[in-house]
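So the chains spell out like this:
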Amino acid sequence: MPFKRYVEIGRIALVNYGKDYGKLVVIVDVIDQNRALVDAPDMVRGQINFKRLTLTDIKIDIKRVPNKKTLIAALEAADVKNKWESSSWGRKLIVQKKRASLNDFDRFKIMLAKIKKAGVVRQELAKLKKETTA
Amino acid sequence: MAPQQRKPHVCRNPDLIRGVGKYSRSKMYHKRGLWAIKAKNGGAFPKHEKKAAAAAPAEKPPKFYPADDVKKPLVNKRKARPTKLRASITPGTVLIILAGRFKGKRVVFLKQLTSGLLLVTGPFKINGVPLRRVNQSYVIATSTKVDISGVNVEKFDDKYFGKKVEKKKKKGEGEFFEAEKEEKNVLPQDKKDDQKSVDAALIKSIEAVPDLKSYLGARFSLKAGMKPHELVF
C-alpha cells in the first residue's frame, strides 16, 4: 500500500505520451505541483507534466539541474542503461519493439520455429507420459 | 568530330531581385560579345537568307461552310507513360497478391511493362503462379528481396500476354459444332519453355536462402490480432 517510487531529483522515468514517447528521462527539478524539468542525453532539457511520465525503480545521484556532461557521467556511473534493459519491464519493451518491426518473412520464420518447438515439447511430454503409465 | 559536350552555361546576368538584372543593356551587349561578332562580319550582324517558302498547293474553296462556328478541341500535350512504380517495388521484391485467383500468394517481381502492369512469376514450381501481369494497386510489397541477376526478362512485353487473334473460319453447319468443341486453351509449348527458363535461375537463388522456398509456397492471410496498418511488410 505505501508508495515505493517517489518523484525526486534523479528519478528515472519513462515518457508515456507525446513527442518523446518511450524515452527514458531523468527528473532534474520539480517546477510545481504538476510539472517537472526533465533531461536525457539525447534531448534538450525541458518541462513535462507528471501525467506524461511513468516512474521507474531506477534512481541516480545528481544535484538539482546538473549540466549535460555531469548528467551523462552520472548515468554512466549508475549504469542505468544496463539496469533498465535487464529489468523485466525493460525487456518487455524491447520485445514489443522487436515484434513491431518484424518483416513478413520474419513472421513466417517465427511461425515455423514455434511449430518446431511445440513439436519437440509434445514429444518430450509423450515420453514422460509413457514413463509414468509404464 | 563527335558532338562536343557543352557545359551548361551559368547565367551571365544574375538577378539582384526578381525582375532586375545586375547588368544594364549596354553592359550585356558587351558581355555577349555582339561587338566581336559584328566586327568579324564587317559591321553588321550575320544574317541567314530566308528559305524560299515552298509554294503551297492552290486550295479550293470549301464546298460547305458550317452555319455556326465549329469549336476546335483544346490542345493536349500530355504523354502516356507507365504508372509510377512505388519506391518499395524493385526487381526481385517479393509481392503479396491481394485479388484474383492467386490472392494471398507471395510472388517474385521481375519488371514493370510499358503498360504499367507488373511482370511477376511464382516461380511456377514453388507456388503455381506462372509468368503473369499484375496491377500495382492489387499488391503489397514486402521488404524481402530475391537475387534476380541470373534472369533474362527482356523478351516479355504486353503483346506476349495479349489474347491470340484467331483467323475467322468459314462456318459450315456441321463443322461449326465440332470446331467449338476442339477449341480448348492449350498452353503453347514455347510459353512453358519460357516459364522454365525464367524459373531455373530464380529457383537457384531462392534455395540459397533458408526457408524462402516454403515462404513463397505459403499463402498470406490476416490472423487474429494482426493490424494491417501497424504491420511492417
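Calculation rules
Residues numbered from 1 in each chain as written. Chains lettered and ligands numbered in written order. Predicted model: local features only at pLDDT ≥ 70, side-chain atom pairs only at ≥ 80, totals over all residues. Heavy atoms only, no water. Helix = DSSP H or I, 4+ residues; strand = E, 2+ residues; numbered from the N terminus. Rg over C-alpha atoms; globule rule 2.2 N^0.38 Å. Buried < 20%, exposed > 50% of the residue type's maximum accessible area, 1.4 Å probe, protein only. Contact = heavy atoms within 4.5 Å. UniProt positions renumbered as here; feature names shortened; annotations may be inferred. Phe/Tyr/Trp six-rings, centres within 6.5 Å; stacked < 30°, edge-to-face > 60°. Lys NZ or Arg CZ within 6 Å of the ring centre and 35° of its normal. Pairing = 2+ DSSP bridges. Buried area = accessible area lost by both parts, 1.4 Å probe. Salt bridge = Lys/Arg side-chain N within 4 Å of Asp/Glu carboxyl O. Core = buried A, V, L, I, M, F, W, Y, C linked by side-chain atoms within 4.5 Å. Patch = residues over 30% accessible without salt bridge, like charges linked within 9 Å, V, L, I, M, F, W, Y side chains within 5 Å. Areas by Shrake-Rupley, 256 points an atom, 1.4 Å probe, with all protein chains shown as cover. Lys, Arg positive; Asp, Glu negative; His and termini not counted. Charge placed at Lys NZ, Arg CZ, Asp CG, Glu CD.

Peer 1: Looking at this structure, how should I read the overall build of chain A?
Peer 2: For chain A, the helix and strand inventory stands at four helices and five strands. Order of helices (α) and strands (β) in chain A, N terminus to C terminus: β-β-β-β-β-α-α-α-α. Computed over the C-alpha atoms, the radius of gyration of chain A is 22 Å, more than 25% above the 14 Å expected from 2.2 N^0.38 for a compact globule of 134 residues. C-alpha atoms of chain A, sized along the principal axes, occupy 70 × 40 × 30 Å. Taken across its 134 residues, chain A has 30% of its residues classed as buried. Within chain A, counting contacts between residues at least 6 apart in sequence, those at least 24 apart form 47% of the total.

Peer 1: What is the right way to look at the UniProt feature "domain: Large ribosomal subunit protein eL14" (unreviewed entry) in chain A in this model?
Peer 2: Here the UniProt-annotated "domain: Large ribosomal subunit protein eL14" (unreviewed entry) positions come out as residues 45–117 of chain A. End C-alpha atoms of residues 45–117 of chain A are separated by 47 Å, and the span's content is 62% helix alongside 15% strand.

Peer 1: Whenever I open this one, the environment of B:Val165 confuses me. Can you help?
Peer 2: In this fold, B:Val165 is placed in the loop between strand S7 (139–145) and helix H4 (173–182). Along the backbone, B:Val165 and B:His30 are 135 residues apart, and their C-alpha atoms lie at a distance of 68 Å.

Peer 1: Help me understand the packing of aromatic side chains in this model?
Peer 2: Note on aromatic pairs: each is described by the distance of the centres and the angle between the planes. Throughout the structure, instances matching the rule amount to six aromatic pairs over all chains. Residues A:Phe105 and B:Tyr215 carry aromatic rings whose centres are separated by 4.7 Å and whose planes lie at 40 degrees to one another, so their mutual orientation is tilted. Note that A:Phe105 is positioned in helix H4 (residues 104–133) and B:Tyr215 in helix H6 (residues 212–217), a pairing that runs across two chains. Accessibility classification places A:Phe105 together with B:Tyr215 in one group, the buried group. An aromatic cluster is present here, built from A:Phe105, A:Phe108 and B:Tyr215 joined pairwise through their rings. The aromatic ring of A:Phe105 is capped on one face by A:Lys109, whose charged end is 4.4 Å from the ring centroid. The ring of B:Tyr23 has B:Lys31 lying over it, and the distance from NZ or CZ to the ring centre is 4.2 Å.

Peer 1: Sorry if this is basic, but what is going on with the pairing of strand S1 (residues 11–15) of chain A here?
Peer 2: Regular strands place side chains that alternate from one sheet face to the opposite one. All names here are of chain A. With five of its five residues buried, S1 lies for the most part within the structure. By the alternation rule, side chains of S1 split into Arg11, Ala13 and Val15 and Ile12 and Leu14, which are all buried. Of the strand pairs in this sheet, S1 and strand S5 (residues 53–59) are connected by four bridges, and their pairing is antiparallel. The residue bridging Val15 from the neighbouring strand is Leu53, located in S5. Where S1 and strand S2 (residues 24–30) come together, three bridges link them in antiparallel fashion. Its bridge partner being in S2, Leu14 is matched across the sheet by Leu24.

Peer 1: Help me understand the interface of chain A and chain B, please; the structure alone is not making it clear to me.
Peer 2: Interface extent is often summarised as the accessible area lost during association of the parts. Contacts between chain A and chain B engage 10 residues on the former and 18 residues on the latter. Taken together, the two surfaces of chain A and chain B that pack against each other cover about 970 Å², and 58% of this comes from carbon and sulfur. Of all residues in chain A, the largest losses of buried area upon contact with chain B belong to A:Asp104, A:Phe105 and A:Phe108, amounting jointly to 54% of the total for that side. The interface formed by chain A and chain B includes one salt bridge. A salt bridge links B:Arg106 to A:Asp104; the shortest N-O distance between them is 3.1 Å.

Peer 1: Where do I start with the nonpolar core in this structure?
Peer 2: A general tendency of soluble globular proteins is for nonpolar side chains to be buried together. Of all hydrophobic cores here, the largest spans 23 residues; its most connected members are B:Leu110, B:Leu119 and B:Leu216. Taken together, the elements giving at least two residues each to this core come down to H4 of chain A together with strand S4 (106–112), helix H5 (189–207) and H6 of chain B. For this core, the element with the most residues is H5(B), which contributes four residues. Each residue touching B:Leu110, except ones within four places of it in the same chain, is listed here: B:Pro91, B:Leu119, B:Val120, B:Thr121, B:Leu131, B:Ile148, B:Val151, B:Val153, B:Val198 and B:Leu202. Within the second largest apolar cluster, 14 residues are counted, among which are A:Leu37, A:Ile62, A:Val80 and A:Trp84.

Peer 1: Teacher, can you tell me more about a positive patch on the surface here?
Peer 2: Residue and element names in this part refer to chain B. A contiguous patch of positive charge, built from Arg12, Lys22, Lys31 and Arg32, is present on the exposed surface. Its location among the elements puts Lys31 in helix H1 (residues 25–32). Owing to a relative accessible area of 38%, Lys31 belongs among the partly exposed residues under this scheme.

Peer 1: Hey, could you run me through unusual backbone geometry in this one?
Peer 2: In this chain, B:Gly122 is followed by B:Pro123 through a cis amide linkage whose omega measures -5 degrees. At A:Asp79, a residue that is not glycine, the phi angle is positive and equals roughly 55 degrees. Tracing the sequence through the fold places A:Asp79 in the loop between helix H1 (68–78) and helix H2 (80–86). The partly exposed category is assigned to A:Asp79, whose relative accessible area is 35%.

Peer 1: Would you explain the pattern of salt bridges in this entry?
Peer 2: Oppositely charged side chains are able to pair whenever their charged atoms sit close together. Residue and element names in this part refer to chain A. Within this structure, the stated rule accounts for 15 salt bridges over all chains. The salt bridge partner of Arg107 is Asp104, with a shortest N-O separation of 3.6 Å. Of the two residues, Arg107 and Asp104 both sit in helix H4, three residues apart, roughly one turn of that helix. As far as the burial class goes, Arg107 and Asp104 line up, both buried. Each of Asp39, Arg45 and Lys68 takes part in a single network of salt bridges with overlapping partners.

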